[in-house]
Amino acid sequence: MNKLKIILILTIGFFSCKNKTENTKMQFLTEIIPNKIPIEFKQDLIPQNKLIHKGIFSPDLQEYYYTISDKNFKKFEVFVIEKTEENWSTPKKAFFNSIHNEHGMSFSPNENTLYFSSTRPVNIEGIPQTWHIWKSDKINGKWTKPIFVDIPNLRNKLVSHPSITNSGTLYFHTSNLDYSDMDIYHSKNVNGKFVDAERIEIKSKLGKCTPHISPEEDYLIFALIGDELDLMISRNDGKGKWINTKKLSDKINNKGQGNPYVTPNNKFLFFTTGEHLKTNWKINWVDIESELKNN
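Everything quoted here is computed from the prediction, not taken from an experiment. (Residues numbered from 1 in each chain as written. Predicted model: local features only at pLDDT ≥ 70, side-chain atom pairs only at ≥ 80, totals over all residues. Heavy atoms only, no water.)

## Structural notes on the overall build of the protein chain
No. 1: Regarding its fold elements, the protein chain presents two helices and 23 strands.
No. 2: Relative to its length of 295 residues, the protein chain is compact, with a C-alpha radius of gyration of 20 Å against a globular reference of 19 Å.
No. 3: Here the protein chain holds 295 residues, and 46% of them are scored as buried.
No. 4: Pairs at least 24 residues apart make up 44% of the contacts formed inside the protein chain by residues separated by at least 6 positions.
No. 5: Accessible area for the protein chain stands at about 15800 Å²; split by element, carbon and sulfur atoms hold 50% of it.
No. 6: The positive charge centre, built from 39 side chains, and the negative charge centre, built from 34, are 3 Å apart in the protein chain. (Helix = DSSP H or I, 4+ residues; strand = E, 2+ residues; numbered from the N terminus. Rg over C-alpha atoms; globule rule 2.2 N^0.38 Å. Buried < 20%, exposed > 50% of the residue type's maximum accessible area, 1.4 Å probe, protein only. Contact = heavy atoms within 4.5 Å. Areas by Shrake-Rupley, 256 points an atom, 1.4 Å probe, with all protein chains shown as cover. Lys, Arg positive; Asp, Glu negative; His and termini not counted. Charge placed at Lys NZ, Arg CZ, Asp CG, Glu CD.)

## Considerations on the nonpolar core
No. 1: Counting residues in each nonpolar core, the largest one holds 32 residues, and the members touching the most others are Phe 57, Tyr 64, Tyr 65, Tyr 66, Phe 96, Met 105 and Phe 270.
No. 2: Elements represented by at least two residues in this core include exactly strand E2 (50–57), strand E3 (63–70), strand E4 (76–82), strand E6 (102–107), strand E7 (113–118), strand E22 (268–273) and strand E23 (282–287).
No. 3: Those residues within four positions of Phe 96 in sequence are excluded, and the remaining contacts are Tyr 65, Val 78, Glu 102, Met 105, Leu 114, Phe 116, Arg 120 and Pro 146.
No. 4: By size, the runner-up hydrophobic cluster in this structure holds 15 residues, among which are Cys 209, Tyr 219, Leu 248 and Ile 252. (Core = buried A, V, L, I, M, F, W, Y, C linked by side-chain atoms within 4.5 Å.)

## Section: the layout of surface pockets
No. 1: Volume-wise, the largest pocket comes out at about 840 Å³.
No. 2: The wall of the largest pocket is formed by 30 residues, among which His 53, Phe 73, Cys 209, Leu 229 and Trp 281 lie closest to the centre.
No. 3: Every element with two or more residues in the lining of the largest pocket is listed here: strand E11 (158–164), strand E17 (207–213), strand E21 (257–262) and E22.
No. 4: For the lining of the largest pocket, the per-class residue count stands at 10 nonpolar, 15 polar and five charged. (1 Å grid on protein atoms, 1.4 Å probe; cavity = no way out; pocket = protein on both sides within 12 Å on 5 of 7 lines; lining within 4 Å. Points joined across faces, edges and corners; volume = space filled by probe spheres on them. Nonpolar A, V, L, I, M, F, W, Y, C, P; charged D, E, K, R; others polar.)

## Description of the pattern of salt bridges
No. 1: Evaluated as defined, the whole model comprises 12 salt bridges.
No. 2: Here Lys 93 makes a salt bridge to Glu 77, at a shortest N to O gap of 2.9 Å. Remark: Glu 77 occurs in strand E4 and Lys 93 occurs in strand E5 (residues 92–93); sequence separation between them is 16 residues.
No. 3: The exposure class of Lys 93 is partly exposed, given its relative accessible area of 49%.
No. 4: According to the relative accessible area criterion, Glu 77 is buried, its value standing at 16%.
No. 5: In this structure, the salt-bridge partner of Lys 92 is Glu 82, at a minimum N-O distance of 3.3 Å. Taken together, the positions of Lys 92 in strand E5 and Glu 82 in strand E4 put the pair 10 residues apart, joining distant regions of the chain.
No. 6: Of the residues examined, Glu 82 reaches a relative accessible area of 29% and is grouped as partly exposed.
No. 7: Among the ionic contacts, a cluster of salt bridges with common partners joins Asp 181, Asp 183, Arg 199 and Lys 208. (Salt bridge = Lys/Arg side-chain N within 4 Å of Asp/Glu carboxyl O.)

## Side note on the sheet that holds E5
Sheet strands line up and pair through hydrogen bonds in the backbone, either parallel or antiparallel.
No. 1: The sheet built from four strands is open, its strands ordered E2-E3-E4-E5 with antiparallel pairing. In this open sheet, the two strands that pair with only one neighbour each are E2 and E5.
No. 2: Note: E3 against E4, seven bridges, orientation antiparallel. Across the sheet, the residue bridging to Thr 67 is Val 78, located in E4. (Pairing = 2+ DSSP bridges.)

## Considerations on unusual backbone geometry
No. 1: One non-glycine residue with positive phi stands out, namely Asn 123, at about 60°.
No. 2: Backbone geometry at Asn 266 places phi at a positive 60°, although glycine is not the residue there.
No. 3: Secondary-structure assignment places Asn 266 in the loop between E21 and E22.
No. 4: For Asn 266, a relative accessible area of 26% puts it in the partly exposed group.

## Quick notes on the pairing of strand E13 (residues 183–187)
No. 1: Counting buried residues along E13, five of its five residues qualify, which places the element largely inside the surrounding structure.
No. 2: Residues Asp 183, Tyr 185 and Ser 187 line one face of E13 and the alternating positions Ile 184 and His 186 line the opposite face, and both faces are buried.
No. 3: Where strand E12 (residues 170–175) and E13 come together, five bridges link them in antiparallel fashion. Paired with Phe 172 across the bridge in E13 is Tyr 185.
No. 4: The pairing of E13 with strand E16 (residues 198–199) spans two bridges and is antiparallel. Paired with Tyr 185 across the bridge in E16 is Arg 199.

## Description of the pairing of E22
No. 1: Most of E22 is tucked away: six of the six residues are buried.
No. 2: Where burial is concerned, the two faces of E22 agree: the one with Phe 268, Phe 270 and Thr 272 and the one with Leu 269, Phe 271 and Thr 273 are both buried.
No. 3: One ladder, built from four bridges, connects E21 with E22; its direction is antiparallel. Considered in E22, the bridge of Tyr 261 is made with Phe 270.
No. 4: Taking the residues between adjacent antiparallel strands as the criterion, E21 and E22 are bridged by five residues, where Asn 266 takes a positive phi near 60°.

Dropping the structure here:
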């Protein structure tokens, strides 16, 4: 290969990478794109004396939903910003917000259903008022009134942070009402109804929470509950077993992490990080593509 061809290949590669970077900047309306070192995403979203929790994009990346709470964790509200031509809009409350607590939202891969967790009453005798899963469907471009997602064997449990696959299987964490024995479960959708949930078998005696399942159900990212929260990744062996579970990089796991969310192209991981003293809470994002490919 002569020198001119080498220069031509390098030049094409340079401009290709540059175009990808510029397109990504336009997608997220930001001037800085993270590499393997996490950076904060939109610090200006956090009101004074508030904490920020999970953040997700609509599948078309036109909207960004995020949870804000007070520092006593007594009031959780979901806000949304929408993409304009050159910037993000002013935050407003999400359409499913209520006088109760809302958190842990997640879109279905086909964009037509939004799942979230809420403390609103289900108005069914025998079911306690705690965190349960709700959903809203988009019909003719409009979101329907949210309805309770009934998982028969978890009616007396706390159920939160749903994440759904292409096949319609719902992943979430559940616990006793006092938050003890928290772990990740999944429930399959059979004839339009979710059946009894089963615990995900991942070798660890520690609790697990805030799962993010890939649409293809090939990997699962979740928080392991130790002295701090650590983000873990586990692989599906194709037969329903979760293997090769490991901690994500130290660049990600450094101050307690949770609420993972991966963009639809498997490029960026968004997650919450913060200290136990309820300070420095923020949402970071990082390029996770190579780590997903290498697992």
